[in-house]
Amino acid sequence: MSKEDFKNVFKEISKEYENKGVELSNQENELINELYSLFFQQDETLKDEVIEDERYHCPLTGKKYKSLKPMIKNAIKIRLEEIYNEGKETVLAND
């Protein structure tokens with residue numbers, strides 16, 4: 001998957017979190033780079049540790065998947081959920 005394709009998937013999923021009040025614009029590129037580098041090498045090929053016995057192994061969750069795209073979508077959702085929850089905790093702590 002090219003980095004551009006990955007960005008498109010990220011943007012598609014991040015739209016769901018904009019409705020929850022998560023502001024990603026200033027950290028979007030950083031998040032994309034962070035997540036992309038978990039799965040792919042510089043030459044846009046999958047890292048060896050992601051492929052395991054004809055399945056995909058998510059380096060973020062440890063779960064195994066039959067196909068690549070659902071794994072990547074889930075990893076993005078999990079990371080965005082972490083950011084969302086961090087934001088909620090900050091708001092509660094400041095109250």
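Per-chain numbering applies: the sequence of each chain, read as written, is numbered from 1 onward. At least 70 in pLDDT is required for a residue's local features to be given in this predicted model, at least 80 for side-chain atom pairs to be given and counted, and no such filter applies to totals for whole chains, interfaces and linings, which use all residues. Derived side-chain values reflect all non-hydrogen atoms in the structure, with water molecules and hydrogen atoms excluded from consideration.

Novice: Explanation requested: the overall build of the protein in the structure shown.
Specialist: In this description a helix means any DSSP run of H or I spanning at least four residues, a strand means any run of E spanning at least two, and both kinds are numbered starting from the N terminus. When helices and strands are tallied, the protein shows 3 helices and 3 strands. A buried classification covers 29% of the 95 residues belonging to the protein. Using the Shrake-Rupley algorithm and a 1.4 Å probe, accessible areas are obtained, with residue cover drawn only from the displayed protein chains. About 6200 Å² of surface is accessible on the protein, with carbon and sulfur atoms providing 43% of the total. Note on classification: 1.4 Å probe, protein chains only; a residue is buried when its accessible area is under 20% of the maximum for its type, exposed when over 50%, partly exposed between these limits.

Novice: Which parts of the structure should I look at to understand the packing of aromatic side chains?
Specialist: Aromatic rings considered in pairs are described by the distance between their centres and by the relative angle of their planes. Whether two aromatic rings pair depends on their centres lying within 6.5 Å, for rings of Phe, Tyr and Trp, where Trp uses its six-membered ring; planes under 30 degrees apart make the pair stacked, over 60 edge-to-face, and the rest tilted. Taken as a whole, this structure holds 2 aromatic pairs when the rule is applied. Taking the centre distance of 4.7 Å and the plane angle of 20° together, the rings of Tyr36 and Phe40 count as stacked. The pair Tyr36 / Phe40 is uniform in exposure class, with both members buried. The structure contains a cluster of three or more aromatic residues connected by ring pairs, namely Phe6, Tyr36 and Phe40.

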